[in-house]
Amino acid sequence: MKLDSLVGKTVLVTGAASGIGLETALAFARRGADLVVCDVDESGLAAAGKRIEELGSRAFTHRVDVSSEEEMRAFAVEVHGRVEAVDILMNNAGVAIGGPFLSTSLEDWNWILGINTMGVVHGCHHFVPRMVERGQGGHVINVSSAAGYSATSALAAYNATKFSVLGLSEALWEELRPHGIGVTAVCPGLIDTPITRNARLVGDMDKPERREEMVSTYQRRAYTPDRVAKNILKAVEKNRLVAPISPEAWALYYLKRFAPWLLRRISLAMAKRATQ
Ligand SMILES: NC(=O)c1ccc[n+]([C@@H]2O[C@H](COP(=O)([O-])OP(=O)(O)OC[C@H]3O[C@@H](n4cnc5c(N)ncnc54)[C@H](O)[C@@H]3O)[C@@H](O)[C@H]2O)c1
């Protein structure tokens, strides 16, 4: 999809109050698009709307919990009262759990599956059919992760949700191709955003010093969400199905394909370090 000028186009981004969602919404606004943005963080969302408008774009902000079937349905009714269909749908809202399966409660599972997996399903369910019906193409961006193709016991539940987003995106890519709608699964590596502060930590990882270590690792890595946003726009322009973002995400991608045994060893070593 050409992104030179998006004047007159509508881009919807979930989880746009912070991090990757916010920076990608701003990047689309700089190309002239109107933005529909949602989040559960109302003050962050209001600030995001203001920044979008300062760039000269229209911003429709709405407090929506992507895990709620009802809220997503009502959101879609509102949006489709304004536009026939969105041009670009970005299912980005997400949360993280650090820790192994044996320490993850069913409540934790319901929480993370509700947001990371069902949030993407709800977004696609409510917005893609209108894109198809309108018949003018478009693009779906689903935010998975490098953890969507490389798993570690330190991220059991998070891995399960991100693998599901990648799998759904691959299936959708095929299904939506005849309709001229592209699909990109975005797979970032370690990106310095508030997700590390807000992640739930379980089991041996549930210690303040573990969180500080994790936060400082991401800060030292210093790969910022605006760089992710730039790469997302490039991936959409190239209609790339899987878009690893950051050198470590590419390294894991190639290891998974060409040396899975080596990836397993690295992953075991990293999980051991994370729980020591
Ligand atoms: N930061 C990383 O290292 C990294 C790496 C790979 C993938 N990702 C993915 O990128 C996406 C964005 O994460 P981020 O790093 O920008 O984190 P972030 O915490 O900065 O942003 C996530 C946003 O989602 C919102 N959100 C959370 N639950 C929601 C819900 N139920 N409904 C609506 N909005 C909700 C949050 O309020 C927040 O504004 C996530 O899907 C995450 O899994 C992040």
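Here is what the cut-offs are and how they apply
- Residues numbered from 1 in each chain as written.
- Predicted model: local features only at pLDDT ≥ 70, side-chain atom pairs only at ≥ 80, totals over all residues.
- Heavy atoms only, no water.
- Helix = DSSP H or I, 4+ residues; strand = E, 2+ residues; numbered from the N terminus.
- Rg over C-alpha atoms; globule rule 2.2 N^0.38 Å.
- Buried < 20%, exposed > 50% of the residue type's maximum accessible area, 1.4 Å probe, protein only.
- Contact = heavy atoms within 4.5 Å.
- Areas by Shrake-Rupley, 256 points an atom, 1.4 Å probe, with all protein chains shown as cover.
- Near = heavy atom within 4 Å.
- Polar contact = N/O pair within 3.5 Å; in protein donor to acceptor, adjacent residues only side chain to side chain.
- Nonpolar A, V, L, I, M, F, W, Y, C, P; charged D, E, K, R; others polar.
- Core = buried A, V, L, I, M, F, W, Y, C linked by side-chain atoms within 4.5 Å.
- Salt bridge = Lys/Arg side-chain N within 4 Å of Asp/Glu carboxyl O.
- Phe/Tyr/Trp six-rings, centres within 6.5 Å; stacked < 30°, edge-to-face > 60°.
- Expected span 1.5 Å × (residues − 1).
- Arc of directions from axis to C-beta.
- Pairing = 2+ DSSP bridges.
- Axes fitted to C-alpha atoms, helices over the stretch in contact; angles between N-to-C directions.

Q: Explain the overall build of the protein here, please?
A: Scanning the protein from terminus to terminus reveals 10 helices and nine strands. Its C-alpha atoms give the protein a radius of gyration of 18 Å, within 12% of the compact-globule value 19 Å for 276 residues. If one aligns the C-alpha atoms of the protein with their principal axes, the spans along those axes are about 55 × 40 × 35 Å. When each of the 276 residues of the protein is scored for burial, the buried share is 53%. Of the contacts made within the protein by residues no fewer than 6 positions apart, 72% connect residues no fewer than 24 positions apart. Total accessible area on the protein is roughly 13000 Å²; 54% of this is exposed by carbon and sulfur atoms.

Q: Would you mind showing me how to read the environment of Ala 160 here?
A: For Ala 160, the location among the structural elements is in helix α5 (residues 156–176). Considering only alpha carbons, one finds Ala 160 and Ala 147, 13 residues apart in sequence, at a separation of 8.7 Å.

Q: Looking at this structure, I do not really get the site of the ligand. What am I missing?
A: Looking at the ligand, there are 29 residues lining it, with Ser 18, Asp 39, Asn 92, Tyr 158 and Thr 193 nearest. Asn 92 places a polar main-chain atom, nitrogen or oxygen, 2.8 Å from an oxygen atom of the ligand. A distance of 2.8 Å separates an oxygen atom of the ligand from a polar backbone atom of Ile 191. Elements with a contribution of two residues or more to the shell around the ligand: α1 (19–30) and α5. Its residues assigned to classes, the shell around the ligand comprises 16 nonpolar, nine polar and four charged.

Q: Looking at this model, I keep getting lost on the nonpolar core. Mind explaining?
A: Taken as a class, soluble globular proteins show a tendency for nonpolar side chains to be buried jointly. Judged by nonpolar contacts, the single largest core of 42 residues is most densely connected at Leu 12, Phe 75, Val 79, Leu 89, Phe 127, Met 131 and Val 140. Of all the secondary structure elements, the ones that give two or more residues to this core are β2 (34–39), α3 (69–82), α4 (106–134), α5, β7 (181–188) and α7 (208–221). Those residues within four positions of Phe 75 in sequence are excluded, and the remaining contacts are Leu 12, Val 36, Cys 38, Phe 60, His 62, Val 64 and Phe 127.

Q: Got a minute to help me understand the pattern of salt bridges in this structure?
A: Opposite charge on two side chains makes pairing possible when the charged atoms of those side chains draw close. All told, the structure shown has 11 salt bridges when counted by the stated rule. Note that Arg 200 is salt-bridged to Glu 107, the shortest N-O span being 2.9 Å. Linking Arg 200 in strand β8 (residues 200–201) with Glu 107 in helix α4, this pair joins segments that are 93 residues apart in sequence. Here Arg 200 and Asp 108 are joined by a salt bridge, their closest N and O atoms 2.8 Å apart. A residue pair is termed long-range when its members are at least 10 positions apart, and Arg 200 in strand β8 and Asp 108 in helix α4 qualify at 92 residues. For Arg 200, a relative accessible area of 25% translates into the label partly exposed. Among the charged side chains, a network of salt bridges with common partners joins Glu 107, Asp 108 and Arg 200.

Q: Could you clarify how one ought to interpret the packing of aromatic side chains in this entry?
A: Any pair of aromatic rings gets described here by the distance separating the centres and the angle formed by the planes. The tally for this structure, following the rule as stated, stands at seven aromatic pairs. An angle of 70 degrees between the planes, with centres 5.4 Å apart, marks the rings of Tyr 149 and Tyr 253 as edge-to-face. With Tyr 149 in the loop between β6 (138–143) and α5 and Tyr 253 in helix α9 (residues 247–258), the pair connects residues that are 104 residues apart, well separated along the chain. The exposure class of Tyr 253 is buried, given its relative accessible area of 18%.

Q: Where do I start with α9 in this structure?
A: Each turn of an α-helix holds 3.6 residues, which means side chains three or four residues apart point in the same direction. Across its 12 residues, α9 extends 16 Å between first and last C-alpha, which sits within 8% of the 16 Å expected from 1.5 Å per residue. Looking at α9, one finds that the buried residues are Glu 248, Ala 249, Tyr 253 and Leu 255. For α9, the buried positions fall inside an angular range of 165 degrees around the axis, keeping them on one side. The outward face of α9, more than 90 degrees from its buried face, is lined by the exposed residues Pro 247, Arg 257 and Phe 258.

Q: Mind showing me how you'd approach the sheet that holds strand β4 (residues 88–91) here?
A: One key point about sheets: their strands pair by backbone hydrogen bonds, in either a parallel or an antiparallel sense. Ordered in space as β3-β2-β1-β4-β6-β7-β9, the seven strands form an open sheet in which the pairing is parallel. At either end of the open sheet lies a strand with only one pairing partner, and these are β3 (59–63) and β9 (242–245). If you compare each strand with its neighbour and ignore which way they point, the axes differ by 15 degrees on average. In this structure, strand β1 (residues 10–14) lies alongside β2, joined through five bridges in parallel fashion. Opposite Thr 14, over in β2, you have Cys 38 as the bridge partner. With respect to the sheet, helix α2 (residues 42–54) is in contact with β2 and β3, its orientation differing from that of β3 by roughly 175 degrees.

Q: What's the story with unusual backbone geometry in this structure? I'm lost.
A: For residues that are not glycine, phi is negative in most cases, and the peptide bond is trans in most cases. In this structure, Ala 222 is a non-glycine residue whose phi angle is positive, near 55 degrees. With respect to the secondary-structure elements, Ala 222 resides in the loop between α7 and α8 (225–237). Positive phi, normally seen in glycine, also occurs at Ser 246, with a value near 100 degrees. Within the secondary structure, Ser 246 is located in the loop between β9 and α9. Look at Ser 246 and you get buried, because its relative accessible area is 5%.

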